[in-house]
Every structure is written in structure tokens, then in C-alpha cells.
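Chain by chain, the residues run as shown.
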Amino acid sequence: MKRLFTIIIIFSTATAIWAQSARWNSVYQGYIDQYKELAIEQMLKYHIPASITLAQGLLESGAGRSSLAVRGNNHFGIKCHDWRGRTMYKDDDYQNECFRVYDNARQSYEDHSLFLSRQRRYAPLFQLRLTDYKGWANGLKRCGYATSPTYASALISIIELYNLSQYDRASSYDPYIAQRAGKDRPANQGDLLHPIYRNNDNYYVKVRKGDTFQSIGKEVGVSAKKLADYNERDRHARLQEGDILYLKKKKKHASKEFKGHIHVVQPGESMYLISQRYGIRLKYLYKMNGMSPDDVLHVNDRLRVYK
């Protein structure tokens, strides 16, 4: 009993410190970018606020970096409790406790939704509005989801720091990104998948240090050659951190929002970088502006990006 009390105090203190001194960080934001569409999908399906799902995932899994998340794809710290699937054991409130293991993050998110929606003790939460994240956070603590007395305040702190409540007002989600967020991956792969962004009816990822066309292609399910072709590069070319890589063939012009827009060339920009920014095939950017690859681009040149 004394040991249990000590563990609870340690966890409670850590949570309280997080809630009081939390600062924005890119690891948490990366997790949000990766899983927000999946959280919205679950919200529309099960009536659980996306902000609550994301905040719990962030807190329980350490933004996807806890041993439970890395080894067992368990993002919500859900223990076995009549579970018939694979398991792993880890010290928590007690020594060597049993936790559920999933094949991928999608299974974890789905099981989290079922865990809340099928248990009678959480039924009062489903009478709350989706936009009442404070009511949900306090209700989860009151219903016994976690032992920490500061659990609710930690969730609320995360939601407000990262403006997660904006997702509670969503009426749709991107199925491609939601599906890929829960993509199968090796249980020992500790790094988060590359977040996928949208631009000009296309999807892209941002290159991280050490990435290659082969490594990204393997992750997104596109051959290195096709990925290089989509981005008008040689598949053996060295990628630079921050490069944009599109996952489908680029368009002939920018999206409609840029109709009539004139791009003013900035220092360090090239025709290729501009084509990537707007998701335009390079040859059509040249064609729209009556230029050829032999022409020299100058700072303050004005370029059309929409046909």
C-alpha cells in the first residue's frame, strides 16, 4: 500500500508540474498533426470530442514516445480488463500490470472510443456537448479514468495550449490522412510517421534529416522512383531537411485560391522551389510565364501561378 501511494504521488506530481509549466513543443505538435484527422473521425463516429482524444493520447503516450505506444501501439494506457488480444506487462499503479497491445495506432484509437462508449460509468459524459472539453476532462477524472488528482487540469492545459478545441467543431475529416495515421508499422519503430499536409488537391510530407526517397517511399507506400518523378527529382538525389515531397503528381497550375495571384520572387528562391510551394509541375510554371529553363530568375520578378 505504501508503494502504491508513492507511485500515485509521483505520477500526480509529474502531471501537476506539466500542467503548471507546460510550453509548446514541436514533438507534441507533430503528434497532433499526425493524428488529428483520426481523432475527428472517431469524434464523428462515437461522439467523443477530438480535443479530448488528442489530449489523452498526448498525455498517456508522451506524444507517442512511451514504451506502451512504441512497443504496443497503446496510446491511451488502457489495461487488459477482459482483453483477449495480445498483451504486454509494465509497472504502473502496481508492479507488472497487464496492458493491451495493438497492431497499429488506428486500433488503439478505435478501442479507446469503444472503451469509453460501452462502459456504463462513462455514460454521463455522452450527455455533454462535444464542445464542452472541460466537462469531459473533469468527467473522465470523476469516472475514474486516471488516478492522478490533476489529470483533468493536465488535459485542459494541453487542449488550450495547442488549441485542440478547434477540432471539436469539425464536421468532416480527410479519410486518406485519417487512414494513414493508423497505418501498420513495426512495434519497435519509435519515431512518429511523417505528418501529411494538403496543398493543391495533393498531399505532401516535409523531409526530416536522414530521409531518402527510399525511406519515405517505403513509409507512404509509393516507390522511390514514383516519388522522385512526382517531385521532378532524381531518385538518388540527396534530400535536404525541410524539403517538400508530394505524394501524387503535381498540377498544371496552383489551386483556385491563387487565381489572379502574382508571386514576387524572394531571395534564395528558384523556379523549382516556387513550383513546390504551389504544387505545380515545373514545366507548366515556365510555360505560364513564357519562360524556359535557360532563363535567369531575378529577385522581385513577378510570376503567374494560376493559368
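Residues numbered from 1 in each chain as written. Predicted model: local features only at pLDDT ≥ 70, side-chain atom pairs only at ≥ 80, totals over all residues. Heavy atoms only, no water.

1. Some remarks on the sheet that holds strand S4 (residues 202–206)
Alright, step 1. Across the sheet, which stays open at both edges, the 3 strands sit in the order S3-S4-S5 with antiparallel pairing between neighbours. Edge positions in the sheet fall to strand S3 (197–199) and strand S5 (244–246), since each of these pairs with one other strand and no more. For this sheet, the mean angle separating the axes of adjacent strands, direction not counted, is 40 degrees.
Alright, step 2. The pairing of S4 with S5 spans 3 bridges and is classified as antiparallel. (Pairing = 2+ DSSP bridges. Helix = DSSP H or I, 4+ residues; strand = E, 2+ residues; numbered from the N terminus. Axes fitted to C-alpha atoms, helices over the stretch in contact; angles between N-to-C directions.)

2. Looking at the nonpolar core
Alright, step 1. Counting residues in each nonpolar core, the largest one holds 48 residues, and the members touching the most others are Tyr35, Tyr122, Tyr145 and Leu164.
Alright, step 2. Secondary-structure elements contributing two or more residues to this core are helix H2 (26–46), helix H3 (50–61), helix H5 (105–118), helix H6 (133–142) and helix H7 (151–161).
Alright, step 3. Among the elements that take part in this core, H2 stands out by supplying 9 residues, more than any other.
Alright, step 4. Counting 15 residues, the second largest nonpolar core, distinct from the first, contains Ile177, Val222, Leu239 and Leu245. (Core = buried A, V, L, I, M, F, W, Y, C linked by side-chain atoms within 4.5 Å. Buried < 20%, exposed > 50% of the residue type's maximum accessible area, 1.4 Å probe, protein only.)

3. Here's the deal with the confidence of the model for the protein chain
Alright, step 1. With 90% of its residues at a pLDDT of at least 70, the protein chain reaches an overall mean of 89.
Alright, step 2. When the criterion is pLDDT under 50, residues 1–14 qualifies, and its contacts beyond four places in sequence or with other chains add up to 12 contacts.
Alright, step 3. Note that pLDDT drops below 50 for residues 16–21; the model gives that stretch 9 contacts with residues more than four away or on any other chain. (pLDDT = per-residue confidence, 0-100. Contact = heavy atoms within 4.5 Å.)

4. With respect to the pattern of salt bridges
Alright, step 1. Scanning the model with the defined rule gives 15 salt bridges in all.
Alright, step 2. The shortest N-O distance in the salt bridge between Glu97 and Lys79 comes to 3.1 Å. Here Glu97 is found in strand S2 (residues 97–100), whereas its partner Lys79 is found in the loop between helix H4 (67–72) and strand S1 (87–90), with 18 residues between them in sequence. Side by side, Glu97 and Lys79 carry an identical accessibility label, which is buried. (Salt bridge = Lys/Arg side-chain N within 4 Å of Asp/Glu carboxyl O.)

5. A word on the packing of aromatic side chains
Alright, step 1. Tallying each qualifying case throughout the model produces 14 aromatic pairs.
Alright, step 2. Seen in terms of ring centroids, Tyr31 and Tyr35 are 4.6 Å apart; in terms of plane orientation they differ by 50 degrees. Their pairing is tilted. With Tyr31 and Tyr35 both in helix H2, this residue pair falls 4 residues apart, about one helical turn. Tyr35 shares its class with Tyr31; the two are buried.
Alright, step 3. An aromatic cluster is defined as three or more aromatic residues linked by ring pairs; in this entry it consists of Tyr31, Tyr35, Phe76 and Tyr109.
Alright, step 4. Note that Lys206 overlies the ring of Tyr197, its terminal NZ or CZ placed 5.0 Å from the centroid. (Phe/Tyr/Trp six-rings, centres within 6.5 Å; stacked < 30°, edge-to-face > 60°. Lys NZ or Arg CZ within 6 Å of the ring centre and 35° of its normal.)

6. Quick look at H6
Alright, step 1. Along H6, the residues that are buried comprise Tyr133, Gly135, Trp136, Ala137, Gly139 and Leu140.
Alright, step 2. One or two positions beyond H6, positive phi appears at Gly144, with a value near 95 degrees.

7. Regarding the environment of Gln42
Alright, step 1. Tracing the backbone shows Gln42 in helix H2.
Alright, step 2. Judged by its relative accessible area of 1%, Gln42 is buried.
Alright, step 3. Expressed as a C-alpha distance, the spacing of Gln42 and His112, which sit 70 residues apart in the sequence, is 9.4 Å.
Alright, step 4. Ignoring sequence-local partners within four residues, the contact set of Gln42 consists of His47, Tyr109, Glu110 and Ser113.

8. Observations regarding the state of the cysteines
Alright, step 1. As enumerated under the stated definition, the model contains 1 disulfide in all.
Alright, step 2. In this model, Cys80 is linked to Cys98 through a disulfide, with the two sulfur atoms separated by 1.8 Å. Handedness of the Cys80-Cys98 disulfide follows from its S-S torsion of about -65 degrees: it is left-handed. Separated by 18 residues along the polypeptide, Cys80 in the loop between H4 and S1 and Cys98 in strand S2 bring together distant segments of the chain. As far as the burial class goes, Cys80 and Cys98 line up, both buried. (Disulfide = S-S within 2.5 Å.)

9. Some thoughts on the environment of Glu257
Alright, step 1. Assignment of secondary structure puts Glu257 in the loop between S5 and strand S6 (262–264).
Alright, step 2. Judged by relative accessible area, which is 65%, Glu257 ranks as exposed.

10. Notes on the packing of H6 against H7
Alright, step 1. Close contact between H6 and H7 brings their axes to 8 Å; oriented N to C, the two are set at 150 degrees. When the interaxial angle is binned, H6 and H7 end up roughly antiparallel. Two packed elements cross with a definite hand, and for H6 against H7 that hand is right-handed. Here Tyr133, Lys134, Ala137, Asn138, Leu140 and Lys141 of H6 come into contact with H7, specifically with Tyr151, Ala152, Leu155, Ile156, Ile159 and Glu160.
Alright, step 2. Grouping the amino acids of the contact of H6 with H7 by side-chain chemistry returns 8 nonpolar, 1 polar and 3 charged. (Parallel < 35°, antiparallel > 145°, perpendicular 65-115°, else oblique. Left-handed = near helix turned anticlockwise from the far one by under 90°. Nonpolar A, V, L, I, M, F, W, Y, C, P; charged D, E, K, R; others polar.)

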